[in-house]
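So the chains spell out like this:
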2 protein chains.
Amino acid sequence: MAAAASADDDGPGALIEALRALPGVGARSAQRMAWHLLQRDRAAALRLAQALSDALDSVHHCQRCNTFTRHTLCALCRDDSRNPALLCVVESPADLSVMERTGGFQGHYFVLQGRLSPLDGLGVEGIALDPLLARCADGAVREVILATSFTAEGEATAQVLGQVLQARGIGVTRLARGVPVGSELEYVDLSTLAHALGDRRPLA
Amino acid sequence: MAAAASADDDGPGALIEALRALPGVGARSAQRMAWHLLQRDRAAALRLAQALSDALDSVHHCQRCNTFTRHTLCALCRDDSRNPALLCVVESPADLSVMERTGGFQGHYFVLQGRLSPLDGLGVEGIALDPLLARCADGAVREVILATSFTAEGEATAQVLGQVLQARGIGVTRLARGVPVGSELEYVDLSTLAHALGDRRPLA
């Protein structure tokens, strides 16, 4: 944007710069967004400014599960009807949301808000390890389900967390690997297929 | 997001909704952006909130050329060294910016802040036609260069503007169509090639 800024310096240049801080937004997208907000939808610009200020003021981490909440404890942690013996560990609030939408889990969650990335030198300082260990020590948790992604980073995270938790005598499981529902076998990648074969189950 | 909001309603749900108003941003992108702003870069969130408020308060249209500015007239309109006889009409501030970066134009600009889209039912009410006609009537403008895009919408816009301006006795030109610099002929689309042939010029 340095070049474009010369014609922009008394216009929305600062807004364009600020929009570029959003993940996945480059110079052109930021320019298009700024134009849209100023020319087509100033109400949306106002709503966004207010939502940002409001979120910065009011949204913080749940003291139990580390997801985002406006309260001391999030709605799920406040829900007494859920099973306190099961703790599902996810990388992000988005992952928590998708797990909830399966409708198949009635326990509690813990949100790491990150993952290990050994290749990038990101170690356990990038995830909420100590709060997780404190959470697991509540006396009620019997099984920790590691639901980090099945990427290199997610697998590394699950590996490290599994070792730390097992060393403390906590039962640890991992989501099953296998063939996605609806897949034609021909198009499933070989690594997934090998895992599905290794983890084959008796016919129900 | 309706489904996701159930787990999010005491978190950054309002921020995610507000981010979705940005062009090109869907539910997943908005969720990722909100996470990034709240978890990784709160300073960027604050800067964005402030830049939005500031732009809404301070950035408006230049009274002469209709681009965005913080002043009554933008920097280019205030520049006396530019040629007042040439007026280049562009769709957006981004197009103005790219024209300026060519370094090949020393006249003034007019920014339509839109374009005609007959197929979508968007007529001249979507562009700053009256301000353009007023601008052209300043007694100094001798030639209006139509630099709208070479898309169906940009061509329609140029067509309509050309007719209106010529009916008022104003000289109107259009950017040249032709083979882009650096192109291998084999990969140039046929319509462009046909125009380049029709508009061929004597060898310099």
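Note that the structure is a prediction, hence the values are computed from the model and not measured. (Residues numbered from 1 in each chain as written. Chains lettered and ligands numbered in written order. Predicted model: local features only at pLDDT ≥ 70, side-chain atom pairs only at ≥ 80, totals over all residues. Heavy atoms only, no water.)

Draft legend 1. View of the overall build of chain A. Within chain A, the regular secondary structure consists of 8 helices and 6 strands. In sequence order, the secondary structure elements of chain A are arranged as α-α-α-α-β-β-β-α-β-α-β-α-β-α. Relative to the globule expectation of 17 Å for 204 residues, the C-alpha radius of gyration of chain A, 22 Å, shows a markedly less compact shape. Out of the 204 residues belonging to chain A, those deemed buried represent 40%. Sequence separation of 24 or more characterises 47% of the internal contacts of chain A that already satisfy a separation of 6 or more. For chain A, the exposed area adds up to about 10,700 Å²; of that, 54% sits on carbon and sulfur atoms. (Helix = DSSP H or I, 4+ residues; strand = E, 2+ residues; numbered from the N terminus. Rg over C-alpha atoms; globule rule 2.2 N^0.38 Å. Buried < 20%, exposed > 50% of the residue type's maximum accessible area, 1.4 Å probe, protein only. Contact = heavy atoms within 4.5 Å. Areas by Shrake-Rupley, 256 points an atom, 1.4 Å probe, with all protein chains shown as cover.)

Draft legend 2. Examining the sheet that holds strand β5 (residues 143-146) of chain A more closely. All names here are of chain A. The 4 strands lie next to each other as β4-β3-β5-β6, forming an open sheet whose pairing is parallel. Pairing within the sheet leaves two strands with one partner each, and these edge strands are β4 (107-111) and β6 (171-174). Ignoring which end each strand starts from, the neighbouring axes of this sheet average 25° apart. Two elements, β5 and β6, share 4 bridges in a ladder whose sense is parallel. When the sheet's bridge partners are listed, Glu143 is paired in β6 with Gly171. Across the face of the sheet, helix α5 (residues 93-102) comes into contact with β3 (83-90) and β4 while running at roughly 160° to β4. (Pairing = 2+ DSSP bridges. Axes fitted to C-alpha atoms, helices over the stretch in contact; angles between N-to-C directions.)

Draft legend 3. Highlighting the pattern of salt bridges. The full count for this structure, using the stated rule, is 18 salt bridges over all chains. Here Arg115(B) and Glu153(B) are joined by a salt bridge, their closest N and O atoms 3.0 Å apart. One end of the pair, Arg115(B), is in the loop between β4 (107-111) and α7 (129-136); the other, Glu153(B), is in helix α8 (residues 152-167), and 38 residues separate them in sequence. Through salt bridges with shared partners, a single ionic network connects Arg64(A), Arg135(A) and Asp138(A). (Salt bridge = Lys/Arg side-chain N within 4 Å of Asp/Glu carboxyl O.)

Draft legend 4. Structural view of the side chain of Thr67(B). If you trace the backbone, Thr67(B) turns up in the loop between β1 (60-61) and β2 (68-69). If we skip the residues at most four places from it in the chain, Thr67(B) touches His60(B), His61(B), Cys62(B), Cys74(B), Pro93(B), Leu96(B), Val111(B) and Gln113(B).

Draft legend 5. Representation of the relation of the copies chain B and chain A within the structure. After a rotation of 180° and a shift along the axis of 0.0 Å, chain B superposes on chain A with an RMSD of 0.1 Å. Within this description, the copies of the chain are treated as partners about a two-fold rotation axis. Among all residues of chain B, the one whose C-alpha sits closest to the rotation axis is Ala49(B), at a distance of 2.2 Å. With an isologous cut-off of 70% or more, the 100% of interface residues of chain B that recur at the interface of chain A puts this contact in the isologous class. (Least-squares fit on C-alpha atoms with pLDDT ≥ 70 in both.)

Draft legend 6. Seen up close, helix α2 (residues 13-20) of chain A. Among all positions in α2(A), only Leu15(A), Ile16(A), Ala18(A) and Leu19(A) are buried. For α2(A), the buried positions fall inside an angular range of 165° around the axis, keeping them on one side. (Arc of directions from axis to C-beta.)

Draft legend 7. Region of interest: the sheet that holds strand β3 (residues 83-90) of chain B. Residues and elements named next belong to chain B. Taken in spatial order, the 4 strands of this open sheet run β4-β3-β5-β6, and their pairing is parallel. Both edges of this open sheet fall to β4 and β6 (171-174), since each of them pairs with a single strand only. Each strand of the sheet is rotated relative to its neighbour by a mean of 25°, with strand direction disregarded. Sheet strands touched by α8: β3, β5 (143-146) and β6. Its angle to β6, the strand with the most contacts, is close to 165°.

Draft legend 8. Geometry of the interface of chain B and chain A. At the interface, 54 residues of chain B touch 54 residues of chain A. Of the roughly 4,600 Å² buried between chain B and chain A, counting both surfaces, carbon and sulfur atoms make up 69%. In this structure, the salt-bridge partner of Asp10(A) is Arg78(B), at a minimum N-O distance of 3.2 Å. Sorting the residues of the side of chain B that touches chain A by element identifies α1 (2-8), α2 (13-20), α3 (27-40), α4 (42-58), β2, α5 (75-78) and α6 (93-102) of chain B as the ones contributing at least two each. Residue contributions to the side of chain B that touches chain A peak at 12 residues, all from α4(B). Here the residues of the side of chain B that touches chain A are counted per class, giving 33 nonpolar, 13 polar and 8 charged. (Buried area = accessible area lost by both parts, 1.4 Å probe. Nonpolar A, V, L, I, M, F, W, Y, C, P; charged D, E, K, R; others polar.)

Draft legend 9. Up close: the confidence of the model for chain A. All names here are of chain A. Across chain A, pLDDT averages 89, with 95% of residues at or above 70. The least confident element of chain A, judged by mean pLDDT, is helix α1 (residues 2-8) at 41; the most confident is helix α4 (residues 42-58) at 97. For the stretch residues 1-8, pLDDT sits under 50, and the model shows 15 contacts to residues farther than four places along the chain or on other chains. Interface confidence for the predicted complex, expressed as ipTM, amounts to 0.79; the pTM equals 0.79. (pLDDT = per-residue confidence, 0-100.)

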